[in-house]
Amino acid sequence: MIAAVDTLLKDIRNKRIAPVYLVHGDEPYYIDRIAEELEKVAVPVAERGFNQFVLFGKDTDVGAVLNYARRYPFMAERQLVLVKEAQQMAGIGDKSAQTLLEDYALNPLASTILMLCYTKEDGKPGLDERKSWVKAFGTKGKLLGVKKLYDNKVPDWIGEYCREQGTKVSPKACQLLADHIGNDLKRLASEIDKILINLHVGEEISAATVERLVGISKEYNVFELQKALVQRDVVKANRIVDYFARNPKDNPLVVILAQLFGYFSKVVLVQASPDQSEKGLASVLGVNPFFVKDYLSAARTFPLTKVADIIHAIRRADAQSKGIDAPTLTEGDILRELVFTVLH
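Residues numbered from 1 in each chain as written. Predicted model: local features only at pLDDT ≥ 70, side-chain atom pairs only at ≥ 80, totals over all residues. Heavy atoms only, no water.

Per an unreviewed UniProt entry, the recorded name for the chain is DNA polymerase III subunit delta, and the organism is Spirosoma sordidisoli. Quoted verbatim from the Catalytic activity (unreviewed entry) field of the UniProt record, the comment on the chain reads "DNA(n) + a 2'-deoxyribonucleoside 5'-triphosphate = DNA(n+1) + diphosphate". Under the UniProt heading Sequence similarities (unreviewed entry), the note attached to the chain is "Belongs to the DNA polymerase HolA subunit family." (UniProt positions renumbered as here; feature names shortened; annotations may be inferred.)

Structure (structure tokens):
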């Protein structure tokens, strides 16, 4: 997917521009990035007042969009009609409106660039690429679906984003950002940009830099909790849990449980892998080789049967956090019980 996005962005930068675009999916970061790139190059700055139209789906309908698309540019070579949140356009789900879009996409006006940005909304089905009106955009233009990154791909994305900005970043800093923010690419890009503003020339983004500038506690984070659990440091583990319990908004239980589940699931993979080399395990785990020693240490500390019990306990804690079998327990109580199970 990322390769397809990069190819499309490269084509746009090189002014290999199609007459129609339909970019859809549940990753708004890439949808917005493609739209922003198209806005930069489609119409010269001096001509944008009359020949660039940015519409929002909730404020328009299919008929109005096509009326814009069918008009001719004013004293210019071409115009851009960009529809953001196109899934909210009135009539977009009607067969008649879809037929109109299909007819236009198959016979677009050469002097118009029409782009629909269709974001999948939570709880609703995404765009079906099998529909004829959707496929029509790919016939004469560009049709691209973008999906959210899997969590294990986020650290690599952070590293690549930093390289694009001309900055080095440590593996631990990548993982710390990924664990703290998750796969919200827009927020990740914003936080990294904030870090870059405060970096000295040539300075690498380290874990300490992330802790200082993103507001992550140096002592109280999931990295440190995992380390305390593996080292069986009861005092430190409980001190971190108490901190999390006092600051639940900054340390939501659902995020902590997801990260612990991912961590111990990887420990199982280490224990089951016939290849115990760091390179082989890094490939199996899908992590930077920098972190393999941490998982090897955990695999030696906890036998397989204990790891299975830990994963079961994490699942139970997740159910409790949703009010199942423990309606009166606080998030802090649930996490304390889980940590006790891990350490004893």
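Back to the text.
Moving on: the pattern of salt bridges. Pairing between side chains becomes possible if they bear opposite charge and their charged atoms approach one another. For the structure on display, the rule yields 17 salt bridges. The shortest N-O distance in the salt bridge between Asp-11 and Arg-16 comes to 2.7 Å. Among the residues examined, Arg-16 registers a relative accessible area of 46% and is labelled partly exposed. As a salt-bridge pair, Lys-236 and Glu-224 come within 2.7 Å of each other at their nearest N and O atoms. (Salt bridge = Lys/Arg side-chain N within 4 Å of Asp/Glu carboxyl O. Buried < 20%, exposed > 50% of the residue type's maximum accessible area, 1.4 Å probe, protein only.)

Taking 1.5 Å of rise per residue, the 13 residues of helix 17 (residues 331–343) would be expected to cover 18 Å, and the 18 Å separating its terminal C-alpha atoms lies within 8% of that figure. When helix 17 is considered as a whole, its buried residues turn out to be Gly-332, Ile-334, Leu-335, Leu-338, Val-339, Val-342 and Leu-343. The buried residues of helix 17 occupy an angular sector of 160° when projected down its axis, which confines them to one face. Of the surrounding elements, those touching the buried residues of helix 17 are helix 11 (222–230), helix 12 (234–246), helix 13 (253–272) and helix 16 (304–321). (Helix = DSSP H or I, 4+ residues; strand = E, 2+ residues; numbered from the N terminus. Expected span 1.5 Å × (residues − 1). Arc of directions from axis to C-beta. Contact = heavy atoms within 4.5 Å.)

Structurally, Gln-87 is set in the loop between strand 3 (79–84) and helix 5 (95–106). With relative accessibility at 12%, the residue Gln-87 sits in the buried group. Among the polar contacts made by the side chain of Gln-87, one reaches the side chain of Glu-85 at a distance of 2.5 Å. Reaching out from Gln-87, the side chain makes a polar contact with the backbone nitrogen of Thr-119 at a distance of 2.9 Å. Setting aside anything within four residues of it in sequence, one finds Gln-87 in contact with Ile-92, Cys-117, Tyr-118, Thr-119 and Glu-121. (Polar contact = N/O pair within 3.5 Å; in protein donor to acceptor, adjacent residues only side chain to side chain.)

This part is about the domain arrangement of the chain. If you check the domain split of the chain, you get domain 1 (1–146), domain 2 (151–214) and domain 3 (222–343). Domain 1 and domain 3 are separated by 44 Å when their C-alpha centres are compared. (Domains from an automatic or database assignment.)

Per the UniProt entry, the sites bearing "domain: DNA polymerase III delta subunit-like C-terminal" (unreviewed entry) are residues 219–322 in this numbering. Secondary structure content for residues 219–322 is 75% helix and 0% strand, while the C-alpha to C-alpha distance between its ends is 28 Å.

Another point: the environment of Lys-322. Topologically, Lys-322 is positioned in the loop between helix 16 and helix 17. Given a relative accessible area of 56%, Lys-322 falls into the exposed group. With 255 residues separating them along the chain, Lys-322 and Asn-67 place their C-alpha atoms 49 Å apart. A polar side-chain atom of Lys-322 sits 2.7 Å from a polar atom in the side chain of Asp-318.

Let us now look at the nonpolar core. Judged by nonpolar contacts, the single largest core of 91 residues is most densely connected at Trp-157, Ile-158, Leu-225 and Phe-264. Counting residues in each nonpolar core, the second largest holds 26 residues, with Ala-86, Met-89, Ile-92 and Tyr-118 among its members. (Core = buried A, V, L, I, M, F, W, Y, C linked by side-chain atoms within 4.5 Å.)

With respect to the secondary-structure elements, Ile-256 resides in helix 13. In this view, Ile-256 contacts Val-222, Leu-225, Phe-244, Asn-251 and Leu-335; residues no more than four positions away in its chain are not counted.

Here we take up the UniProt feature "domain: DNA polymerase III delta N-terminal" (unreviewed entry) in the chain. Here the UniProt feature "domain: DNA polymerase III delta N-terminal" (unreviewed entry) sits at residues 21–143. Counting secondary structure, residues 21–143 comes out at 40% helix and 21% strand; the distance between its end C-alpha atoms is 6 Å.

Helix length check: helix 5 (12 residues) gives 16 Å between terminal C-alpha atoms against 16 Å at 1.5 Å per residue, within 8%. Listed as buried for helix 5 are Ala-97, Gln-98, Leu-101, Glu-102, Tyr-104 and Ala-105. Axial view of helix 5: buried residues confined to an arc of 165°, hence all on one face. Facing away from the buried side of helix 5 by more than 90 degrees, the exposed set consists of Lys-95 and Ser-96. Taken together, the buried residues of helix 5 touch strand 1 (20–25), helix 4 (62–70), strand 4 (112–119) and helix 6 (132–140).

Turning our eyes to something else, we now look at the packing of helix 13 against helix 15 (residues 292–301). Viewed as axis vectors pointing N to C, helix 13 and helix 15 meet at an angle of 80°, and their least axial separation amounts to 9 Å. In terms of orientation, helix 13 lies roughly perpendicular with respect to helix 15. Seen from helix 13, the contacting residues are Tyr-263, Lys-266, Val-267, Val-270 and Gln-271; seen from helix 15, they are Asp-294, Tyr-295, Leu-296, Ala-298 and Ala-299. Taken together, the residues of the contact of helix 13 with helix 15 sort by class into seven nonpolar, one polar and two charged. (Axes fitted to C-alpha atoms, helices over the stretch in contact; angles between N-to-C directions. Parallel < 35°, antiparallel > 145°, perpendicular 65-115°, else oblique. Nonpolar A, V, L, I, M, F, W, Y, C, P; charged D, E, K, R; others polar.)

The next thing to look at is the environment of Leu-9. By the element assignment, Leu-9 lies in helix 1 (residues 2–13). Judged by its relative accessible area of 1%, Leu-9 is buried.

Time to look at the packing of aromatic side chains. The description of an aromatic ring pair rests on the distance of the ring centres and on the angle between the ring planes. Within the structure shown, the criterion is met by 13 aromatic pairs. Between Tyr-220 and Tyr-243, the aromatic rings sit 4.4 Å apart at their centres with planes inclined by 15°, giving stacked as the arrangement. In this pair, Tyr-220 sits in the loop between helix 10 (207–214) and helix 11 while Tyr-243 sits in helix 12, placing the two residues 23 residues apart along the sequence. Here Tyr-243 falls in the partly exposed class, since its relative accessible area comes to 22%. Pairwise contacts between aromatic rings join Tyr-29, Tyr-30, Trp-157 and Tyr-161 into one cluster. Geometry around Phe-223 places Lys-172 over its ring, the cationic atom sitting 5.8 Å from the centre. (Phe/Tyr/Trp six-rings, centres within 6.5 Å; stacked < 30°, edge-to-face > 60°. Lys NZ or Arg CZ within 6 Å of the ring centre and 35° of its normal.)

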